Amino acid sequence: KLRLLLAEKEREFILAKSNLSTLQTDYLKQNKTARPKLQLFEGRQELRQMMKDLLLYRDMTVCAFWPVETITKLLTAEFMEEFHKRRAERNIFLKVIWSQNQILAIKKYPFLEDLTQKRQARVAPVGVDFSLGYSIYGNTVRFISSSKENFGFLVESNELATMIKSQWEVIWNLSKPIK
């Protein structure tokens, strides 16, 4: 009986998977007007869920402006280590800018030095300091605060993602590579 039930569930799963692209095409046709979408997250657990949104994707590059120590303390080193491991497994490359005052976190958190984690990091110029971080991927910008305010939000907007990425690229080009 169990084998029959599993075989039936497997057929249902295969059918659902094959219908996914059709549903996506139909959905995109219906939503011709580009309306931005906003999701708000509060508290450690919700912020972790927000971070995991990125893990729904594969084979892409993420650009981040990231207060590494602040966010690692907020979400925990264990969570961040596992998150980056899963990100790398999904072939998601990270180009990240860290602030000068948080660069010592590299020594504190060994996973930040792991070369298998598909990451290129740079240090922002002196005077460019930040406690709120953001990441850009696809048409999504993900913002996350420090533990003082303990919130984050995702914005799905092509225009916003394009604008933030162009600003990020200016700072990236002014930043120094970490060796």
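Conventions and cut-offs
- Residues numbered from 1 in each chain as written.
- Predicted model: local features only at pLDDT ≥ 70, side-chain atom pairs only at ≥ 80, totals over all residues.
- Heavy atoms only, no water.
- Core = buried A, V, L, I, M, F, W, Y, C linked by side-chain atoms within 4.5 Å.
- Buried < 20%, exposed > 50% of the residue type's maximum accessible area, 1.4 Å probe, protein only.
- Helix = DSSP H or I, 4+ residues; strand = E, 2+ residues; numbered from the N terminus.
- Contact = heavy atoms within 4.5 Å.
- Axes fitted to C-alpha atoms, helices over the stretch in contact; angles between N-to-C directions.
- Parallel < 35°, antiparallel > 145°, perpendicular 65-115°, else oblique.
- Nonpolar A, V, L, I, M, F, W, Y, C, P; charged D, E, K, R; others polar.
- Pairing = 2+ DSSP bridges.
- Patch = residues over 30% accessible without salt bridge, like charges linked within 9 Å, V, L, I, M, F, W, Y side chains within 5 Å.
- Areas by Shrake-Rupley, 256 points an atom, 1.4 Å probe, with all protein chains shown as cover.
- Salt bridge = Lys/Arg side-chain N within 4 Å of Asp/Glu carboxyl O.
- Lys, Arg positive; Asp, Glu negative; His and termini not counted.
- Charge placed at Lys NZ, Arg CZ, Asp CG, Glu CD.

Caption draft 1: Representation of the nonpolar core in the model. Grouped together as the largest cluster of nonpolar side chains are 30 residues, with contacts concentrated most on Met51, Trp66, Leu75, Met80, Trp98 and Ile144. Looking at this core, the elements that each hand over two or more residues are α2 (43-52), β2 (60-65), α3 (68-75), α4 (77-89), β3 (92-98) and α5 (105-108). When neighbours within four sequence positions are excluded, methionine 80 is seen to be in contact with Met51, Trp66, Ile71, Thr72, Leu75 and Phe111. Within the second largest apolar cluster, 13 residues are counted, among which are Phe65, Ile97, Ile136 and Ile164.

Caption draft 2: Representation of the packing of α2 against α3 in the model. In contact at an axis separation of 9 Å, α2 and α3 are set at 120° when each is read in the N-to-C sense. Judged by the inter-axis angle, α2 sits oblique to α3. Counting all contacts with α2, which are made through Arg44, Leu47, Arg48 and Met51, the residues of α3 involved are Lys73, Leu74 and Leu75. The class makeup of the residues in the contact of α2 with α3 is four nonpolar, no polar and three charged.

Caption draft 3: Examining the sheet that holds strand β7 (residues 151-156) more closely. The mixed open sheet is built from eight strands, whose spatial order is β1-β7-β6-β5-β2-β3-β4-β8. Only two strands of the sheet have a single neighbouring strand rather than two, namely β1 (37-42) and β8 (176-177). Here α2 sits on the sheet in contact with β1, β6 (140-144) and β7, set at roughly 140° to β1.

Caption draft 4: Structural view of α3. With seven of eight residues buried, α3 lies mostly within the body of the structure. Along α3, the positions that sit buried rather than exposed are Val68, Glu69, Thr70, Ile71, Thr72, Leu74 and Leu75. The elements touched by buried residues of α3 are α2, α4, β3, α5 and β6. Within two residues after α3, threonine 76 carries a phi angle of roughly 85°, on the positive side.

Caption draft 5: View of a negative patch on the surface. Together, Glu78, Glu81, Glu82 and Glu89 make up a region of like negative charge exposed at the surface. When you line up the elements, glutamate 78 lands in helix α4. Of the residues examined, glutamate 78 reaches a relative accessible area of 60% and is grouped as exposed.

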